[in-house]
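A structural walkthrough
The chain contents come next:
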Amino acid sequence: MAAKSKSEALLENIEFVRVPGSVKPEVHVAVVDFTPEMAQQWLEHKNTRNRPLGKGDIRKYCLAMLAGEWELNCETIVLDEKGKLVNGQHRLAAVVLAGETDSDVRVPILVALGVKSK
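In this report, we go over the structure that sits alongside the text.

With that settled, consider unusual backbone geometry. Omega for the bond connecting Lys24 with Pro25 falls within 30 degrees of zero, at -10°, which places this linkage in the cis form. With respect to the helices, strands and loops of the structure, Pro25 is situated in the loop between strand E1 (17-18) and strand E2 (28-34).

Among the secondary structure elements, Glu37 is positioned in helix H2 (residues 36-46). Taking relative accessible area as the criterion, Glu37 reaches 49% and is therefore assigned partly exposed. Along the primary structure Glu37 and Leu110 are separated by 73 residues, whereas in three dimensions their C-alpha atoms are 17 Å apart.

Two numbers describe how helix H3 (residues 55-66) lies on helix H4 (residues 89-101): the axes approach to 8 Å, and their chain directions differ by 55°. If you check the angle between H3 and H4, you find them oblique. Crossing geometry of H3 relative to H4 is assigned as right-handed. Of H4, the residues touching H3 (which contributes Asp57, Ile58, Arg59, Tyr61, Cys62, Met65 and Leu66) are His90, Arg91, Ala93, Ala94, Val95, Leu97, Ala98 and Thr101.

The rules behind each value
Residues numbered from 1 in each chain as written. Predicted model: local features only at pLDDT ≥ 70, side-chain atom pairs only at ≥ 80, totals over all residues. Heavy atoms only, no water. Helix = DSSP H or I, 4+ residues; strand = E, 2+ residues; numbered from the N terminus. Buried < 20%, exposed > 50% of the residue type's maximum accessible area, 1.4 Å probe, protein only. Axes fitted to C-alpha atoms, helices over the stretch in contact; angles between N-to-C directions. Parallel < 35°, antiparallel > 145°, perpendicular 65-115°, else oblique. Left-handed = near helix turned anticlockwise from the far one by under 90°. Contact = heavy atoms within 4.5 Å.

Following this line, the structure appears as structure tokens:
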């Protein structure tokens with residue numbers, strides 16, 4: 001058995017549920033409580049081709065997270081069929097920034113895995 005990559009290992013303990021009716025590649029979803037450390041690892045190992053980060057959005061999201069105003073909603077962190085980050089880098093960066101103030105912060109975010117990369 002081949003060794004898992006760091007990117008694959010980051011998904012290991014998440015219990016994804018298959019989205020009914022999704023076609024190949026199948027889409028799976030899970031609510032993940034992100035810690036600053038986990039968010040940082042995802043940014044380092046899964047974020048390979050996204051636009052530059054906008055600091056204003058990160059700060060706005062971070063302040064909401066620290067104030068307890070961040071709510072779980074339908075905005076998802078999206079991973080393609082190879083496990084690469086397609087959407088959500090600003091939310092992950094905000095979790096990392098929030099961790100600089102509160103290292104115990106946990107932020108629930110919906111994650112979708114398996115979307116086509118195009």
